[in-house]
Amino acid sequence: MRLLHTSDWHLGRSFHREDMLGAQARFVDHLVETVRAESVDAVLVSGDLYDRALPPVDAVALCDEALRRLAAEKVQVIVISGNHDSAQRLGFGSGLMDAAGVHVRADPASVGTPVVLGDGTAVYGIPYLEPEVVRSGWELPERGHTAALTEAMRRVRADLATRDGRSVVLAHAFVTGGEASDSERDISVGGVASVPMSVFGGVDYVALGHLHGRQRMSETVRYSGSPLAYSFSEEHQVKGAWLVDLGSTVRTEFVEAPVPRRAARVSGRLDDLLTGEKWARYEDHWLQVTLTDPSRPAGAMERLRGRFPHTLALAFEPEGGPAGDDRGWAERIRDRSELEIAYDFVREVRGAPADQAESELLHEAFEACRRAEAAR
Ligand SMILES: [Mn+2]
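In this text, all values refer to a predicted model and were calculated from it rather than measured experimentally. (Residues numbered from 1 in each chain as written. Predicted model: local features only at pLDDT ≥ 70, side-chain atom pairs only at ≥ 80, totals over all residues.)

### A word on the domain arrangement of the protein
- Each assigned domain of the protein is listed here: domain 1 (2-256), domain 2 (261-321) and domain 3 (325-376).
- Taking only C-alpha atoms into account, the centre of domain 1 sits 37 Å from that of domain 2.
- Within the side of domain 1 that touches domain 2, the residues separate by chemical class into three nonpolar, one polar and four charged. (Domains from an automatic or database assignment. Nonpolar A, V, L, I, M, F, W, Y, C, P; charged D, E, K, R; others polar.)

### Focus: the pairing of strand 12 (residues 205-209)
- Across the five residues of strand 12, five count as buried, placing the element largely inside the fold.
- With burial as the criterion, each face of strand 12 is covered, one bearing Tyr 205, Ala 207 and Gly 209 and the other bearing Val 206 and Leu 208.
- Relative to strand 12, strand 9 (residues 167-172) is paired through five bridges, and the arrangement is parallel. Its bridge partner being in strand 12, His 172 is matched across the sheet by Gly 209. (Buried ≥ 20, exposed ≤ 12 C-beta atoms within 10 Å, placed from the backbone. Helix = DSSP H or I, 4+ residues; strand = E, 2+ residues; numbered from the N terminus. Pairing = 2+ DSSP bridges.)

### Comments concerning the environment of Leu 362
- In this fold, Leu 362 is placed in helix 11 (residues 356-374).
- Residue Leu 362 is classed as partly exposed on the basis of its 17 C-beta neighbours within 10 Å.
- In this structure the C-alpha to C-alpha distance between Leu 362 and Gly 165, which are 197 residues apart in sequence, comes to 76 Å.
- Not counting residues up to four positions away in its chain, the partners in contact with Leu 362 are Leu 339, Ala 342, Tyr 343 and Ala 354. (Contact = placed C-beta atoms within 7 Å.)

### A short note on the sheet that holds strand 4 (residues 42-46)
- Pairing in this open sheet of six strands is mixed, and the strands run 6-5-4-1-15-16 from one edge to the other. Only two strands of the sheet have a single partner each, and these edge strands are strand 6 (102-105) and strand 16 (250-256). Ignoring which end each strand starts from, the neighbouring axes of this sheet average 20 degrees apart.
- Here strand 1 (residues 2-6) pairs with strand 15 (residues 240-246) via four bridges, running antiparallel. Across the sheet, the residue bridging to Leu 3 is Val 244, located in strand 15. (Axes fitted to C-alpha atoms, helices over the stretch in contact; angles between N-to-C directions.)

This is the structure:
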């Protein structure tokens, strides 16, 4: 039995202001090609199919296309809802779609009912469990992700005890020891976010979602990660899906997804970034630039985009750090006029004081405000 384990598609998500739908559509093409080329029997999507509870219509259209094309390949598809999905909306029509081989598991009540593949392998989809919601429904003694998943896995094992095939679990959770990036939404509200890996004992393969970097928690407990980078913190991650062979042993192989454009973080003085030979390799990257000039250069974004057209984010961290001032805010503005406070602000954000023309402009602006106030 051959599975393709993916998660965290986040359809409809953008990367800074960059629309990712085209890249997501290319991932779907790649996924369908992989299913065909590798003779995959079942595709697993371990949550966060969409980026939002109310996804944009073109993301819904792409999801529809992906599921339809996978169904046309006669592959079984098992999808669970993640913390970004609306379980109710994602679960709409799931009873009808089962017949087409597309199994959406968004209802905690069905965690103990597997999708049974052709050779008897039982695949259990555990949707993201909102701790407070299942706590009352399942009458759990404690709140939290560990209590919720422990009960879900108890139900899985109870069903598994009645079968003799192999077993797979899909879950959307933060397993202790996993490494997070900047693009997962925190799930620690209402208690500890992470669950111990031991919760998932007793099954042949655990296909995890939630963390966006691929990782191996054990030989048979893995995160596939997201198919695309959704934050600059993922610049060094390799994106794709696990191809899992469930035989007498479990074998895994990573299938890399197409990279629409590499992402990178660079840091330096503006003039060096614009002329330095060593930066040439970043000219076609999505970039997050941190300028270290002693004062903020004028028109930095426009100038950077002259060489690096895909600069998406700009930060300013002058070398040696800004001049330290550890007085409290109230103390710093005491006895200073509004105009002086504005000058302080310019110096603070740019690292250099307002010049003559800027000072005059600020002065005029405050005078105009004062006149308007007086004329009321
Ligand atoms: Mn996610």
